[in-house]
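The primary structure of each chain is shown beneath.
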Amino acid sequence: MAIISVQKKASPGSHILVISNTWKNHIDYGFTKEEVGYLDGYFKDATKKQHSFNSSGRLISVLLPDTKKDIHLVLENCRKHGGVLADMINGIKGKDLNIYNSSKQVKYSYAVAEGAALANYQFIKYKSKAEDQKNTLLHINLIGSGYDSKTLNKLNIVVEATSKARNLVNEPVNHLNATDLANAFKQMGKQAGFTVEVYNKKKITELKMGGLLSVNAGSVDEPTFTVMEYKPRAKSKKPFVLVGKGVTYDTGGLSLKPTPNSMDMMKCDMAGAAAVGAAMYAIAKARLNVHVIALVPATDNRPGFNAFAPGDIITMMDGTTVEMVNSDAEGRMILADALHFAKRYKPELTIDIATLTGAALVAIGTTAMVGMGNAPKKYSDKIKQSGNNVFERVAEFPFWDDYADLMKSDIADQKNLGGGYAGAIQGGKFLEKYTDYPYYHLDIAGPAFIPAKDGYRPKGGTGTGVRLFFDFFNSI
Ligand code: BES
Ligand code: MN
Ligand code: ZN
């Protein structure tokens, strides 16, 4: 991992980025005459806003943030630029990136550093020669003054937490089943300072978590239900609850997903769980002054001998029944019990995050998540604001009650699938039935796991949700 820190000066000849409002060589960055002459020529064209080049083995980059644009886009461009620099430096086996900033806007530097650190992530633990392929970038140095150690510390924490979430998502199910996932949370709790309690199948059965048990019925691995809690010493207000979908692998169950392709990336179906666990890690490590509880129901979804069969009627933890018409709509079955469980905390707000529907992916693609809910406007606005701040944008869908009618069943209280259109909303409305508190639902089926690198987001698990949650709780 690359560490972001403040340094007085860069060592001579090191890789540097200059952030400035306009290009002029008003500070001596140790450029040669030739380099300055080249940049003078390049930026004569006022439409040019950024440039990076390799000057005899030394990376030189200039970024002129376009202040006329929306600030969220400007900062995202800074992150992307940082990502490009990290890739270039790793490409020439460099160790440091040094950032000079004469724009008077320290946030540009933070964003570049964040993008570079996030882009530096790798998942190569299963390569037998991992050492040889390891990225070399280790230090991201902010040169000069005006930086604040608290912000810096939080930045490093959130990057580390995002990497942890990515790692969990990238682990395949033969290395990470429900018990492994729960153990990973235990370890994260120890490291960061939050409590982690794991319920096993016996306890889950005692609690009558019928939704979770039904999905687990076709599996040879036991389910887990993890309760994480971070409570700061101060305040004793109502807690916030996070709920993450922890399907360690989704075959679709007896409603088997068609091959090829549709099952290929389904190790990512616990990305919601990874996001809430990693968010807890960051919140606790940064000692944020907010009481947060995170719940993760976890199991794989398999068509084993006892697998729940389409048509089955399942009694959920809250005592209501579900006509399970499609075993591939399994996420809502396990989340329903977790949302019911959350009632005991009388939450100020509960947010669930889940790779819930292909419909969300179809609707908005891989660069944003779908959001919806009945939470008061101050919270839904704040969630969307955080999404913009960290560029994990939330596209809000309607949450009208008539969508719930689609899931009416003739023989049970609800079906787990309405069929037809508006699949993402159906998922949200199904889940709302198990809540009695302000509720917001995030469907990350699009951005959780991406088929190709996209800027500072690596191919595979992206850690989507961690940075949004951290931003949300950091400013509550
Ligand atoms: N895990 C999938 C959703 C998913 C799709 C996640 C693509 C990531 C990428 C979910 O359990 C699922 O199978 N959803 C079904 C729901 C349907 C049966 C109501 C879907 O989207 O097709
Ligand atoms: Mn499914
Ligand atoms: Zn699923």
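In the block above lies the structure referred to throughout.
As a starting point, this report considers the structure included with it. (Residues numbered from 1 in each chain as written. Chains lettered and ligands numbered in written order. Predicted model: local features only at pLDDT ≥ 70, side-chain atom pairs only at ≥ 80, totals over all residues. Heavy atoms only, no water.)

Quick word on the side chain of Ser 386
Reasoning step 1: The residue Ser 386 is located in helix H12 (residues 377-390) in this model.
Reasoning step 2: A distance of 2.8 Å separates polar atoms of two side chains, one belonging to Ser 386 and the other to Asp 471.
Reasoning step 3: Residue contacts for Ser 386: discarding those within four places in its chain leaves Leu 468, Asp 471 and Phe 472. (Helix = DSSP H or I, 4+ residues; strand = E, 2+ residues; numbered from the N terminus. Polar contact = N/O pair within 3.5 Å; in protein donor to acceptor, adjacent residues only side chain to side chain. Contact = heavy atoms within 4.5 Å.)

Some thoughts on the sheet that holds strand E17 (residues 414-415)
Reasoning step 1: Taken in spatial order, the 3 strands of this open sheet run E12-E13-E17, and their pairing is mixed. Every interior strand has two partners, whereas the edge strands, strand E12 (312-315) and E17, have only one.
Reasoning step 2: Sheet topology places E12 next to strand E13 (residues 321-324); 4 bridges connect them, and they run antiparallel. Bridged to Ile 313 within E13 is Glu 323. (Pairing = 2+ DSSP bridges.)

Overview of the site of ligand 1
Reasoning step 1: Looking at ligand 1, there are 17 residues lining it, with Lys 257, Asp 328, Glu 330, Gly 358 and Leu 417 nearest.
Reasoning step 2: Contact distances for ligand 1 include 2.8 Å between a nitrogen atom and a side-chain N or O atom of Asp 269.
Reasoning step 3: Leu 356 places a main-chain nitrogen or oxygen 3.4 Å from a nitrogen atom of ligand 1.
Reasoning step 4: Summarising the interface, the protein chains cover 82% of the accessible area of ligand 1, which totals 510 Å² for the free molecule.
Reasoning step 5: The residue inventory of the shell around ligand 1, partitioned by class, reads 6 nonpolar, 4 polar and 7 charged. (Near = heavy atom within 4 Å. Areas by Shrake-Rupley, 256 points an atom, 1.4 Å probe, with all protein chains shown as cover. Nonpolar A, V, L, I, M, F, W, Y, C, P; charged D, E, K, R; others polar.)

As for helix H6 (residues 178-192)
Reasoning step 1: When the terminal C-alpha atoms of H6 are compared, their 21 Å separation across 15 residues agrees well with the 21 Å that a helix rising 1.5 Å per residue should span.
Reasoning step 2: What H6 keeps buried is the set Ala 178, Leu 181, Ala 182, Ala 184, Phe 185, Met 188, Gly 189 and Ala 192. For H6, the arc enclosing every buried residue in end-on projection is 155°, short of the 170-degree limit, so these residues lie on one face.
Reasoning step 3: Where H6 begins, one side-chain oxygen reaches toward the backbone nitrogen of Thr 179, 3.1 Å away; that side chain belongs to Asn 177.
Reasoning step 4: Once H6 finishes, Gly 193 follows within two positions and takes phi at roughly 95°, a positive value. (Expected span 1.5 Å × (residues − 1). Buried < 20%, exposed > 50% of the residue type's maximum accessible area, 1.4 Å probe, protein only. Arc of directions from axis to C-beta.)

As for the coordination of the manganese ion (ligand 2)
Reasoning step 1: Every protein donor of the manganese ion (ligand 2) is listed here as Asp 250 (OD), Asp 328 (O), Asp 328 (OD) and Glu 330 (OE), and their distances to the metal cover 2.1 to 2.2 Å.
Reasoning step 2: Geometry at the manganese ion (ligand 2) is irregular, judged from the 6 donor atoms that bind it and their angles of 73 to 172° at the metal.
Reasoning step 3: Donor residues for the manganese ion (ligand 2) sit on one chain with the sequence pattern D-x77-D-x1-E.
Reasoning step 4: A separation of 3.1 Å is found between the manganese ion (ligand 2) and the zinc ion (ligand 3), both of which receive a donor from Asp 250. With Asp 250 in strand E10 (residues 246-250) and Asp 328 in the loop between E13 and helix H10 (331-342), this pair connects stretches of sequence that are 78 residues apart. (Donors = N, O, S within 2.8 Å, 3.2 Å for Na, K, Ca; no water. Tetrahedral: all angles 85-135°; square planar, octahedral: opposite > 155°, others 65-115°.)

So, the pairing of strand E11 (residues 292-301)
Reasoning step 1: Burial analysis of E11 places 10 of its 10 residues in the buried class, which makes it a mostly covered element.
Reasoning step 2: Burial along E11 is two-sided: Val 292, Ala 294, Val 296, Ala 298 and Asp 300 and Ile 293, Leu 295, Pro 297, Thr 299 and Asn 301, pointing in opposite directions, are all buried.
Reasoning step 3: Sheet topology note: the strand E8 (residues 224-230)/E11 ladder contains 7 bridges and is antiparallel. In the sheet register, Met 228 faces E11, and the bridge partner there is Ala 294.
Reasoning step 4: In the sheet, strand E9 (residues 240-244) pairs with E11 via 4 bridges, with the strands oriented parallel. Bridge pairing in E11 links Val 241 to Ile 293.

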